[in-house]
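# Structure assessment
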Amino acid sequence: MAHPILHFHGAAGSVTGSCFLLETAGARILVDCGMFQGSKSEKELNYKPLPFDPVKVDAVLLTHAHIDHSGLLPKLAKAGYGGPIFATAATIDLCTIMLQDSGHIQESEVRQLNRRNRRRARETVEPIYTADDARSMLPQFIAVDYDEWRETVGGVRFRYWNAGHLMGSASIEVEAPGADGATRILFSGDVGASNKLFESFPKAPSGVDYLICESTYGDREREEYALKDRRDRLREVVATSNSPGGVLLIPSFAVERTQEVLTDLVALMDEGEVPRCPIMIDSPLASRATEAFKKHAADLGHGKAFLRALNAPNVRFTETAEQSRALDLVRGFHIIIAASGMCEAGRIRHRLKNWLWRPGCTVLFVGFQAAGTLGRILQEGATDIRIQGEEIHVCARMATLDAYSGHADASELDTWVAEREPIRKAVFLVHGEESAREAMSARLSKQISAKVVCPSLDDAYELSPGGGRLIEGSTHARIKPAVPGRTDWNNDYQRFVLDLSDCLKSVADEKGRAVVLRRLRRALDPDDVSAAEGGETAMLIMDRDCKRGGERFAIPTQGEVQGKLTVLEVVAITCLREVLASKNAFAVAALRKKVLRAMKEQCAPFGLSSEDETSVLEYACEFFEEASKEAARQAATKVAAKSAGTARTRASGHG
């Protein structure tokens, strides 16, 4: 191999899943191995095989402990990687906590999913990895210091620089040998923002050949917040949220963001800027991470203020599930900080479920919300959402305070890149949504002489003297380039279910509903849905079987189930659910527009019986499960009968 090759196996077009494989003639070095977050399509990548052979990796260089950079390390080890994982001591302390917590969460979520799967006669699934898997790979960590060169296999050297993003975070400088001498590559990791409470300004070398740079905030500027300005803004949010019986919910990353917000809240209360009130940290991970921050408090900016906040009498950490559930019973204004920061998992979802429908709730976002996450959906003003299958009307107020973001904004990123000049070959923009990368690329192209590249997921580039050449067909992309960093079919489906529910509630009577649903069934004609893949569609199967009699699927009549949907309505909704399950994003988007238009044309104002409104979709789902299983049994019977008939025909022909 004449020149190093760099594979972009994550954070290419999105802000999660950071993973870069550097190949040289004598080594294969992995920089980060992070978990994908965001849309369901992206998260499914976590369950797929890694796009490289873990056994052939020689070393891992980890930039920092956040799960989108470290979260698949246990999977890597479980798949056969047994080599060293280099990281700073603080990063190792945090990973020791975070990776085991990640494994525990996956075990818990899979247990719940498998209970549902067994009830539905579906196959059970396995977690990506378990807490034991995470514990077993911890001895592979090797601590490194900032500013010191280390050498690994194949003559590859590396040096860690303080990135100012998170306790222990780093930008990593790598020297990779090649036919034309050593190639200097700088992986930015996540570049810290200015005025971080605990962190110093980011540092990194200049005069590199290639820069792999994050672009999370590549298209946006935050207001300049000195410490006092940030606390003034936080004070305003607390003041407007403070109502009798109200709550301020703060979805927050458990590591560093929670500790920063807590320190500022207690400081404001100590200074009399806001009334003292209970502050609950509802995250076992945050509790354990706080112990790691206490251990390194002497190395943190404002470390003494942080330790004072931990000892405040009104601060309480919940550990057990019972303690967490008890928060729903708290009376009087209080503040809850809970993970996860993007509302995708963890206890914040339970808190949101309990509070979003109440006008006395304020939700304060203090970090970046990726496309497709519940946090982003709420931040953009959704009026109705679904959590754990339950529809919730949003009455809570949303607020955002970007001052706590751990990422440099657009101008800070531009300055950081300029300080790396001269960059001799190319800048690869990663860890950003497409709009952020495009905006940052346009600016940098005018400011620096090196070319600027926006790689797609699983692209590979030869790092040649000419400035980075895309290797066509080097690997098969695991996901279409248009998918990362965007909402997907599942987001469209959830929105459609909410719209459908609202539409049904607006129809006047039984006759009106029948008219609307006939229109809905016409909109679901298989000729209009590109997702249909031959054979009888679910709509035709269910329509046929319902005409044969309700006993086949034990369908209650309208008289037997007051307030629930008629057989016709159940058929229409379940057909829609089957079509949407095709996961064809384009078909879903087109279908949604067509069905809503058809329904709205026929709707007349009226409402369903309020007695059973909440059970309507649940009832439809139950019917769908039974209908799907019966349809599958019938299809299997037909195939078996046809095969037997063919076999008899052949046998008689040879006789």
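Here we summarise the structure given alongside this text.

## Here we look at the overall build of the protein
Regarding its fold elements, the protein presents 20 helices and 23 strands. Residue pairs at least 24 apart in sequence account for 75% of intrachain contacts in the protein once pairs closer than 6 positions are excluded. Taken as a whole, the protein presents about 27,500 Å² of accessible surface, with 51% of it coming from carbon and sulfur.

## A closer look at the nonpolar core
Within the largest apolar cluster, 108 residues are counted, with the highest numbers of intra-cluster contacts made by Leu-73, Leu-94, Phe-141 and Ile-212. At 7 residues, the largest contribution of residues to this core is made by helix α4 (residues 89–119). In this structure, Ile-212 is in contact with Leu-6, Phe-8, Phe-20, Ile-185, Leu-186, Phe-187, Ser-188, Phe-428 and Val-430, ignoring residues within four places of it in sequence. Within the second largest apolar cluster, 23 residues are counted, among which are Leu-327, Trp-355, Cys-361 and Leu-378.

## Some points on the sheet that holds strand β22 (residues 459–462)
Spatially, 8 strands are ordered β6-β5-β4-β3-β2-β1-β22-β23 in an open sheet, and the strand pairing comes out mixed. Both outer strands of the open sheet, β6 (141–144) and β23 (469–470), are each paired with one neighbouring strand and no more. Pairing analysis gives 4 bridges linking strand β1 (residues 5–8) to strand β2 (residues 20–23), with the strands arranged antiparallel. Bridged to Phe-8 within β2 is Phe-20.

## Here's the deal with the pairing of strand β8 (residues 157–162)
Within β8, 5 of the 6 residues are buried, which leaves it mostly tucked inside the rest of the structure. Alignment of strand β7 (residues 149–151) against β8, held across 3 bridges, turns out to be antiparallel. Paired with Trp-149 across the bridge in β8 is Arg-159. Counting the residues that bridge the hairpin from β7 to β8 gives 5 residues, and of these Gly-154 lies at a positive phi of roughly 65°.

## Structural notes on the packing of aromatic side chains
The relative placement of two aromatic rings is captured by the distance of their centres and the angle of their planes. Inspection of every chain in the model, using the stated rule, returns 12 aromatic pairs. Seen in terms of ring centroids, Phe-86 and Phe-158 are 5.0 Å apart; in terms of plane orientation they differ by 50°. Their pairing is tilted. Of this pair, Phe-86 sits in strand β5 (residues 85–88) while Phe-158 is found in strand β8, placing the two residues 72 residues apart along the sequence. Residues Phe-86 and Phe-158 agree in their burial class; the two are buried. Aromatic pair Phe-428 and Tyr-461: ring centres 5.0 Å apart, planes at 65°, arrangement edge-to-face. With a gap of 33 residues between them, Phe-428 in strand β20 (residues 426–430) and Tyr-461 in strand β22 connect regions that are remote in the sequence. With respect to burial, Phe-428 and Tyr-461 carry one shared label: buried. Members of the aromatic cluster, connected to one another through ring pairs, are Phe-8, Phe-20, Phe-187, Tyr-210, Phe-428 and Tyr-461. Between the NZ or CZ atom of Arg-157 and the centre of the ring of Trp-149, over which it lies, the distance is 4.0 Å. Arg-420 extends its terminal NZ or CZ atom over the ring of Trp-416, reaching a point 4.8 Å from the ring centre.

## As for helix α8 (residues 284–295)
Here α8 contains 12 residues, and its C-alpha end-to-end distance of 17 Å stays within 8% of the 16 Å for a straight helix at 1.5 Å per residue. Looking at the buried side of α8, the elements it contacts are α4, α7 (257–270), β13 (279–282), α9 (303–310) and β14 (315–317).

## Points about the packing of α8 against α9
Following both chains from N to C, one finds α8 and α9 inclined at 140°, their axes separated by 10 Å at the closest point. In terms of orientation, α8 lies oblique with respect to α9. Note on packing geometry: the crossing formed by α8 with α9 is left-handed. Contacts between α8 and α9 involve Thr-290, Phe-293 and Lys-294 from the first element and Phe-306, Leu-307 and Leu-310 from the second. Residues belonging to the contact of α8 with α9 are distributed by class as follows: 4 nonpolar, 1 polar and 1 charged.

## Here we look at the side chain of Thr-91
Structurally, Thr-91 can be placed in helix α4. Setting aside residues no more than four positions away along its own chain, Thr-91 makes contact with Leu-62, Thr-63, His-64, Ala-65, Met-167, Gly-168 and Ser-169.

About the thresholds
- Residues numbered from 1 in each chain as written.
- Predicted model: local features only at pLDDT ≥ 70, side-chain atom pairs only at ≥ 80, totals over all residues.
- Heavy atoms only, no water.
- Helix = DSSP H or I, 4+ residues; strand = E, 2+ residues; numbered from the N terminus.
- Contact = heavy atoms within 4.5 Å.
- Areas by Shrake-Rupley, 256 points an atom, 1.4 Å probe, with all protein chains shown as cover.
- Core = buried A, V, L, I, M, F, W, Y, C linked by side-chain atoms within 4.5 Å.
- Buried < 20%, exposed > 50% of the residue type's maximum accessible area, 1.4 Å probe, protein only.
- Pairing = 2+ DSSP bridges.
- Phe/Tyr/Trp six-rings, centres within 6.5 Å; stacked < 30°, edge-to-face > 60°.
- Lys NZ or Arg CZ within 6 Å of the ring centre and 35° of its normal.
- Expected span 1.5 Å × (residues − 1).
- Axes fitted to C-alpha atoms, helices over the stretch in contact; angles between N-to-C directions.
- Parallel < 35°, antiparallel > 145°, perpendicular 65-115°, else oblique.
- Left-handed = near helix turned anticlockwise from the far one by under 90°.
- Nonpolar A, V, L, I, M, F, W, Y, C, P; charged D, E, K, R; others polar.

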